[in-house]
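# Structure assessment
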Amino acid sequence: MATIRLGDEAPNFTAETSEGTINFHEWLGDSWGILFSHPADYTPVCTTELGTVARYTDEFQKRNVKVVALSVDGLESHRGWIKDINETQNTTVNFPIIADEDGKVSELYDMIHPNSDSKLTVRSVFVIDNNKKVKLIITYPASTGRNFDELLRVIDSLQLTAYYKVATPANWKNGDDCVVVPAIATADIPSVFPKGFKEVKPYLRMTPQPNLD
Ligand code: BEZ
């Protein structure tokens, strides 16, 4: 198992899922992607997480992001549990869940942390851009459900900063002012960011979010 780091190509794999066999890279196509693991089917926190992801379908689609979940449970388990998620979380699960019974994908993505649990995957999240590059890695323990609003917020930042020479400050959210990257000299800012800028310090220059009208 090689360590996966930001900027690496997301390792490809073929896997059985609740929506059929997928080749990960082919399935991603030109989209961004989220690959996220949960410890086990028929568990309470995971049920709320997958229900939340399903309810956020429109938000992921708006951002051109495809979502795939994973656990080491089998297909029959996934299919039965999806019915429970739909029933209890007021939604329809419409993304694939990988049945990683042999641990092949978990191993490839280092999703089992033996000092946490020797068999079950932790709550890993990999965000992958439209060039198959890993842009974000986060890991939560089994006891803590993820904040998917935060995941959307980070995707907004990742997509913005991929196309504009800005970075996003602490607690930034879509619509807030952005930081001009240090590589742009202050004298050049007006030509790059015509909406204006504020020089707080020579190294801290703020500009309105550039991709908004
Ligand atoms: C849960 O999803 O509720 C859960 C799963 C594994 C361990 C602890 C909690």
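Residues numbered from 1 in each chain as written. Predicted model: local features only at pLDDT ≥ 70, side-chain atom pairs only at ≥ 80, totals over all residues. Heavy atoms only, no water.

### Let's talk about the pattern of salt bridges
In this structure the tally under the stated criterion is 8 salt bridges. When the shortest N-O distance is used, the salt bridge between aspartate 156 and arginine 63 registers 2.7 Å. Of this pair, aspartate 156 sits in helix α6 (residues 148–163) while arginine 63 sits in the loop between α3 (57–62) and β4 (65–71), and the two are 93 residues apart along the sequence. In terms of burial, aspartate 156 and arginine 63 fall into one category: buried. A salt bridge links arginine 79 to glutamate 76; its shortest N-O distance comes to 3.4 Å. In this pair, arginine 79 and glutamate 76 are both assigned in helix α4 (residues 75–89), 3 residues apart and thus about one turn of the helix distant. A relative accessible area of 60% places glutamate 76 in the exposed class. Salt bridges linked by common partners bring Glu59, Lys62, Arg63 and Asp156 together as one network. (Salt bridge = Lys/Arg side-chain N within 4 Å of Asp/Glu carboxyl O. Helix = DSSP H or I, 4+ residues; strand = E, 2+ residues; numbered from the N terminus. Buried < 20%, exposed > 50% of the residue type's maximum accessible area, 1.4 Å probe, protein only.)

### Concerning the environment of leucine 75
The topology assignment puts leucine 75 in helix α4. In this structure leucine 75 comes out as partly exposed when scored by relative accessible area, which is 21%. A sequence separation of 26 residues divides leucine 75 from glutamate 101, and the C-alpha atoms of the two residues are 8.9 Å apart. Residues contacting leucine 75, with those up to four places away along its chain left out, are Glu16, Thr17, Ser18 and Ala99. (Contact = heavy atoms within 4.5 Å.)

### Structural notes on the site of the ligand
Taken together, the residues surrounding the ligand are Pro39, Thr43, Pro44, Val45, Cys46, Arg123 and Ala142. At 3.3 Å from an oxygen atom of the ligand is found a main-chain nitrogen or oxygen belonging to proline 44. Between the ligand and valine 45, the relevant distance is 2.7 Å, taken from an oxygen atom to a main-chain nitrogen or oxygen of the residue. Considered on its own, the ligand offers 260 Å² of accessible surface; in the complex 73% of this is hidden by protein. The element that contributes the greatest number of residues to the shell around the ligand is helix α2 (residues 44–55), accounting for 3 residues. (Near = heavy atom within 4 Å. Polar contact = N/O pair within 3.5 Å; in protein donor to acceptor, adjacent residues only side chain to side chain. Areas by Shrake-Rupley, 256 points an atom, 1.4 Å probe, with all protein chains shown as cover.)

### Observations concerning the packing of aromatic side chains
Summed over the entire model, instances satisfying the criterion amount to 6 aromatic pairs. Between phenylalanine 24 and tryptophan 27, the ring centres sit 6.2 Å apart and the planes meet at 15°, which makes this aromatic pair stacked. Taken together, the residues span about one helical turn, with phenylalanine 24 and tryptophan 27 both in helix α1 (residues 24–28) at a distance of 3 residues. For the pair formed by phenylalanine 24 and tryptophan 27, the shared burial category is buried. Both rings, one in phenylalanine 36 and one in phenylalanine 148, keep their centres 6.1 Å apart while their planes meet at 70°; by these two values the pair is edge-to-face. Remark: phenylalanine 148 occurs in helix α6 and phenylalanine 36 occurs in strand β3 (residues 32–37); sequence separation between them is 112 residues. Residue classification places phenylalanine 36 among the buried positions, given a relative accessible area of 1%. An aromatic cluster is defined as three or more aromatic residues linked by ring pairs; in this entry it consists of Phe13, Phe24, Trp27, Tyr109 and Phe126. (Phe/Tyr/Trp six-rings, centres within 6.5 Å; stacked < 30°, edge-to-face > 60°.)

### A short note on the nonpolar core
By size, the foremost hydrophobic cluster in this structure holds 27 residues, and its most contacted members are Ile34, Phe36, Leu50, Phe60, Phe95, Val127 and Leu151. Within the residue set of this core, elements represented by two or more residues are β3, α2, β4, α4, β6 (123–128) and α6. Looking at this core element by element, the count peaks at 6 residues for α6. Setting aside anything within four residues of it in sequence, one finds isoleucine 34 in contact with Phe60, Val65, Lys66, Val67, Val68, Val125, Phe126, Val127, Leu151 and Ile155. Counting residues in each nonpolar core, the second largest holds 18 residues, with Ala10, Ile22, Leu35 and Ile98 among its members. (Core = buried A, V, L, I, M, F, W, Y, C linked by side-chain atoms within 4.5 Å.)

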